[in-house]
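Okay, here's what each chain looks like letter by letter:
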Amino acid sequence: MAINFKLETKANRILSKIQKTPGLADKVYRKLWFLYVVEDVKSYMRENYPRYVDDLVQMISEDVATRYVYNCRYDCNLSYWDNINNLIGEVAQNYN
């Protein structure tokens, strides 16, 4: 994969500004992590929980990602996907 030097330069410029503001780097990191976890949960649910409609999948995915990323609700002794599955089961009960 070729590196896009314009995007790389822009990203470096943004990161250098972010690092100068206390706490901002962590907020940006967690927001990006949250977005990736939401997408992972949606994909996992579509594959393993096909009975849920898209709106419900979106709500559950955001709830699971919030618990995972911001509330650190995961077990380090379990795989990422086992943690996601456990949180889906926990959260889905609230939507039944």
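Residues numbered from 1 in each chain as written. Predicted model: local features only at pLDDT ≥ 70, side-chain atom pairs only at ≥ 80, totals over all residues. Heavy atoms only, no water.

A. The pattern of salt bridges, seen in detail. As enumerated under the stated definition, the model contains 5 salt bridges in all. Of the charged contacts in the structure, one is a salt bridge between Arg-30 and Asp-26, with a shortest N-O distance of 3.2 Å. One end of the pair is Arg-30 and the other is Asp-26, both in helix α2 (residues 24-48) and 4 residues apart, which spans about a single turn. Under the relative-accessibility criterion, Arg-30 is labelled partly exposed at 23%. Lys-42 is the partner of Glu-39 in a salt bridge, and the nearest nitrogen-oxygen pair spans 3.1 Å. With a gap of 3 residues between them, Glu-39 and Lys-42 both fall in helix α2, about one helical turn apart. Looking at Glu-39, the relative accessible area reads 44%, which means it is partly exposed. Connected through shared salt-bridge partners, Asp-63, Arg-67, Arg-73 and Glu-90 make up one network. (Salt bridge = Lys/Arg side-chain N within 4 Å of Asp/Glu carboxyl O. Helix = DSSP H or I, 4+ residues; strand = E, 2+ residues; numbered from the N terminus. Buried < 20%, exposed > 50% of the residue type's maximum accessible area, 1.4 Å probe, protein only.)

B. The arrangement of the side chain of Arg-67 in detail. On the secondary structure map, Arg-67 appears in helix α3 (residues 54-70). Judged by relative accessible area, Arg-67 falls into the buried class, the value being 15%. Polar side-chain contacts of Arg-67 include one of 3.0 Å to the side chain of Asp-63. For Arg-67, the side chain forms a polar contact with the side chain of Glu-90, separated by 2.5 Å. The residues contacting Arg-67, other than those within four sequence positions of it, are Cys-72, Arg-73, Leu-87, Glu-90, Val-91 and Asn-94. (Polar contact = N/O pair within 3.5 Å; in protein donor to acceptor, adjacent residues only side chain to side chain. Contact = heavy atoms within 4.5 Å.)

C. Quick look at the side chain of Asp-63. Mapping Asp-63 onto the fold places it in helix α3. If near-sequence neighbours (up to four positions away) are discounted, Asp-63 is found in contact with Val-91 and Tyr-95.

D. Representation of the packing of α2 against helix α4 (residues 80-92). At a closest axis distance of 11 Å, the pairing of α2 and α4 adopts a crossing angle of 75°. As far as their axial angle goes, α4 and α2 are roughly perpendicular. The residues of α4 that touch α2, namely those facing Val-37, Asp-40, Val-41, Tyr-44 and Met-45, are Tyr-80, Trp-81, Ile-84, Asn-85 and Ile-88. Tallied by class, the residues present in the contact of α2 with α4 amount to 8 nonpolar, 1 polar and 1 charged. (Axes fitted to C-alpha atoms, helices over the stretch in contact; angles between N-to-C directions. Parallel < 35°, antiparallel > 145°, perpendicular 65-115°, else oblique. Nonpolar A, V, L, I, M, F, W, Y, C, P; charged D, E, K, R; others polar.)

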